[in-house]
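# Secondary and tertiary structure notes
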Amino acid sequence: MALKRDHEKRPLWVCPDGHIFLEAHTPLYTQAYDFLVAIAEPVARPEFVHEYRLTPFSLYAAVAVAIDTESIIRVLNRLSKVEVPEGVNTFIRDHTQRCGKAKLVLKRGRYYVESPHPDVLRALLKDREIETARIKGDDEEEGEAGGEFIQSEAAQEMDANLEFKQLAAEAEGGGDDDDQVMHFKVSSEQVEAVKRAALSMDYPLMEEYDFRHDVTNPNLPMQLKPNTKIRQYQEKSLRKMFGNGRARSGIIVLPCGAGKTLTGVTAASTVKKSTLVLCTSGVSVIQWKYQFQLWTDIPEKNIACFTSDTKDAINPDACVLITTYSMLSFSGRRAADVELIINQIRNREWGLMLLDEVHVVPATMFRKVLNICNAHCKLGLTATLVREDDLISDLNFLIGPKLYEANWMDLTAGGYLANVQCVEAWCPMTAEFYREYLNESINHRKKELLYVTNPNKFRTCEFLVQYHQERGDKIILFADNVFALRRYSELLGIPYIYGGTREAERQRILGLFRLNTLVNCIGLSKVGDTSIDIPEANVIIQVSSHFGSRRQEAQRLGRILRPKANMGEGFNAFFYTLVSTGTSEMFFSAKRQQYLVDQGYTFKVHEPNLRVGVAVERESQLLPCLVEVVADLVEHANAMQNSKLKNKAAELDLLATVLNSDTDKADDEENEVLERTAVDAIDDMSLGRAKVQRRTGNMSELSGAGGARYVEFAANATDKVIARERQEKSKAALFKMRYSKKA
Ligand SMILES: Nc1ncnc2c1ncn2[C@@H]1O[C@H](COP(=O)(O)OP(=O)(O)OP(=O)(O)O)[C@@H](O)[C@H]1O
């Protein structure tokens, strides 16, 4: 690949296989990043060079936000250090030519197929099903909305950047087309058939909501409060959604703690129509309501919650209703009052549907929810577009394409997220525990318990708790295994929360943790992975986790990502994973970290006999005292005078308790109480409990987390299969297969 003469000024390398590398230190980084994230999937974004990949879905998403084929090719070529290979141009043309040429728009309660290209409408009308669905004799012309959108100060600053404007204008050149838009009306009963038929002709219909001209649905009396200022990345993501004055359905990906809730609230206050918010738990429902009231002036009578504990009256005019996926998708017998509310939800038109933690909900649950609710526009919000099964692709079709994905490291550099030091401490098993671990007659649950309660791990944890408490830090101890959580908490003398903890007790413990300077460490089971908002926490010590779940790892990290008071002073939050060496935990740990590594996090691995970790490049940024501690972690721990496991007798006592424990009972207790929502269902599929056949490739293509290192057992083979599949499947086949399967 020959370099262009002025290649130094250009930030991209475009490779013949569709991989694109972005130099993160160039002056045009921000502009190139905005463009790339719109057209390609991020693969890995470490500190200096980021890797992206063009995929059919990423190009579909680009077209969905009104970037046309020739603009993609032109801007890519402008930013590239080398001439863009002809194969890449062909790939872009092949996968964008027909996408976005036609839209399905709901206006004043009527569905229209719209296109600025008369030949596309003519081609569509040649299909019998579409022709039958067409309602003739409607020549109503629609004007274009002005596209007025809430502008934050940050956005205005960005607009001042002329270079960006020029690139963005080129990249978003497709917008003009809407001026000469043509349409035909279709019967609302046959919308599904029209979508299917259009898809079979390779014209997937983009869905948009012309909310400004919707006079059928009443307006929601809700404005952002004057002091509410959305941040630059929140504004950018919303511009992708409201780019042409309408609301596009799709997914926004923002890191944990970056403010997805306010992004959703701003979307709702822009659309100003009835909004249905779907959360994963009752605690999230309460937090969403709180944030609606914090950021907007919504009257109390216009906001309602619907959970197993709370069943507020739903305002018959416009309202915000916040509920959980499980409340809507539950298929057993419902109580009469619940049934009544479900019917109210079913029988009204929702302007916007906000889907929180969208990646954790299985497709079957989504279908049920989507069947119940009639929403003009769907916005999915997530921190980790990553799942351990292959179902991420379903989101593209059930909700819409990914509209925006923020870069974790950029947000950290901008002071919006805490700067986290990640450490993986390897703790050797003690001889007695290891002997039992290797004993073939011991079942896998007990083996898991043995490596979690390994005395060396316990002492390392004990040491870290003590060390960070002395620094005045607030510590969360994460243990998935409830038996281990209890043992650790009892030995450390800390309160803990698990599935069986009553709500009042949970609130009491969290309150103490937040406000009481004497309670600086709490234990959490997986109920604390999401939804528990403790911005004060700045240290996580993870002693047991759910197999290789990358989602869980990222969400746990999210608990300490809230910006800290001492921003700008190097690392101000610490994420420790304690791993027992020579056990299966080592394998799971590497897999769990992959998503965060791809986001640019460096895990400093501490081996007891290897004083310098593998990721030494950030060593200098460590707090001086921590350098010393990390270098001698296990040695320090073992030298502790006041350890609760101070001698062999105490270790053997623990071993006996573990071997005689009824671990199944403890786990069952947790599972009984935990609402078995999507989170469990997905993770059960991850490792160890997989009930599904693992297919190769699809998820990584879509989630951007698809390094060979993630796909288990046969990385090279997997890559070959993906490459072959890609060659074999035409874009048409891809869409047909995906959609017709779901239809
Ligand atoms: N524009 C903003 N201005 C001020 N504070 C903000 C803004 N956006 C978000 N925040 C604050 O940041 C914190 C995190 O927001 P939020 O709970 O929405 O994060 P999240 O992305 O949903 O995180 P998680 O995935 O962990 O639930 C909240 O305390 C919120 O009030």
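The rules behind each value
- Residues numbered from 1 in each chain as written.
- Predicted model: local features only at pLDDT ≥ 70, side-chain atom pairs only at ≥ 80, totals over all residues.
- UniProt positions renumbered as here; feature names shortened; annotations may be inferred.
- Buried ≥ 20, exposed ≤ 12 C-beta atoms within 10 Å, placed from the backbone.
- Helix = DSSP H or I, 4+ residues; strand = E, 2+ residues; numbered from the N terminus.
- Pairing = 2+ DSSP bridges.
- Axes fitted to C-alpha atoms, helices over the stretch in contact; angles between N-to-C directions.
- Domains from an automatic or database assignment.
- Contact = placed C-beta atoms within 7 Å.
- Nonpolar A, V, L, I, M, F, W, Y, C, P; charged D, E, K, R; others polar.
- Parallel < 35°, antiparallel > 145°, perpendicular 65-115°, else oblique.
- Left-handed = near helix turned anticlockwise from the far one by under 90°.
- Near = placed C-beta within 6 Å.

Looking at an unreviewed UniProt entry, one finds the chain named DNA 3'-5' helicase and attributed to Tribonema minus. Listed under Subcellular location (unreviewed entry) in UniProt, the entry text for the chain is "Nucleus". Turning to the chain, the UniProt annotation filed under Sequence similarities (unreviewed entry) states: "Belongs to the helicase family. RAD25/XPB subfamily."

A separate point is the pairing of strand β6 (residues 110-115). Counting buried positions along β6 yields 5 of 6 residues, so the element is predominantly enclosed. In terms of strand pairing, strand β5 (residues 103-107) meets β6 through 5 bridges, oriented antiparallel. Paired with lysine 107 across the strands is arginine 110, a residue of β6. In terms of strand pairing, β6 meets strand β8 (residues 182-186) through 5 bridges, oriented antiparallel. Looking at the pairing, tyrosine 112 lines up with lysine 185 of β8.

Turning next to the sheet that holds strand β12 (residues 275-279). A sheet is described by the order of its strands in space; here 7 strands give the open sequence β13-β14-β12-β15-β16-β11-β17, paired in parallel fashion. Across the chains shown, the open sheet's two edge strands, defined by having one partner strand only, are β13 (303-306) and β17 (402-405). Averaged over all neighbouring strand pairs, the angle between strand axes comes to 20°, with direction disregarded. Alignment of strand β11 (residues 250-253) against strand β16 (residues 374-382), held across 4 bridges, turns out to be parallel. Bridging from a neighbouring strand, glycine 250 pairs with leucine 379 of β16.

By domain assignment, the chain separates into domain 1 (7-97), domain 2 (232-412) and domain 3 (418-610 + 625-660). On the side of domain 3, 17 residues touch domain 2, which itself brings 18 residues to the contact. Broken down by secondary-structure element, the contributors of at least two residues to the side of domain 2 that touches domain 3 are α12 (282-295) and α17 (408-413). Considered class by class, the residues forming the side of domain 2 that touches domain 3 number 7 nonpolar, 8 polar and 3 charged.

Take the packing of helix α10 (residues 232-242) against helix α11 (residues 260-271) next. Where α10 contacts α11, the axes come no closer than 10 Å and their chain directions differ by 40°. By the angle between their axes, α10 is oblique relative to α11. At the point where α10 passes α11, the crossing takes the right-handed sense. Where α10 approaches α11, its residues Gln234, Ser237, Leu238, Met241 and Phe242 are matched on the opposing element by Leu262, Thr263, Thr266, Ala267 and Thr270. Split by residue class, the contact of α10 with α11 holds 5 nonpolar, 5 polar and no charged.

Bringing the site of the ligand into the picture now. Around the ligand there are 15 residues in total, and Cys256, Gly259, Lys260, Thr261 and Leu262 lie nearest to it. When residues of the shell around the ligand are assigned to their parent elements, the largest contribution, 3 residues, is made by α11. Looking at side-chain class alone, the shell around the ligand contains 6 nonpolar, 5 polar and 4 charged residues.

Strand order in the open sheet formed by 4 strands is β1-β2-β4-β3, and the pairing between neighbours is antiparallel. This sheet does not close on itself; its edge strands, each paired only once, are β1 (12-14) and β3 (41-44). Geometrically, the sheet is characterised by an average inter-axis angle of 30° between neighbouring strands, direction not taken into account. Helix α1 (residues 29-39) rests against β1, β2 (19-23), β3 and β4 (49-53) of the sheet, and its axis sits at about 160° to β2.

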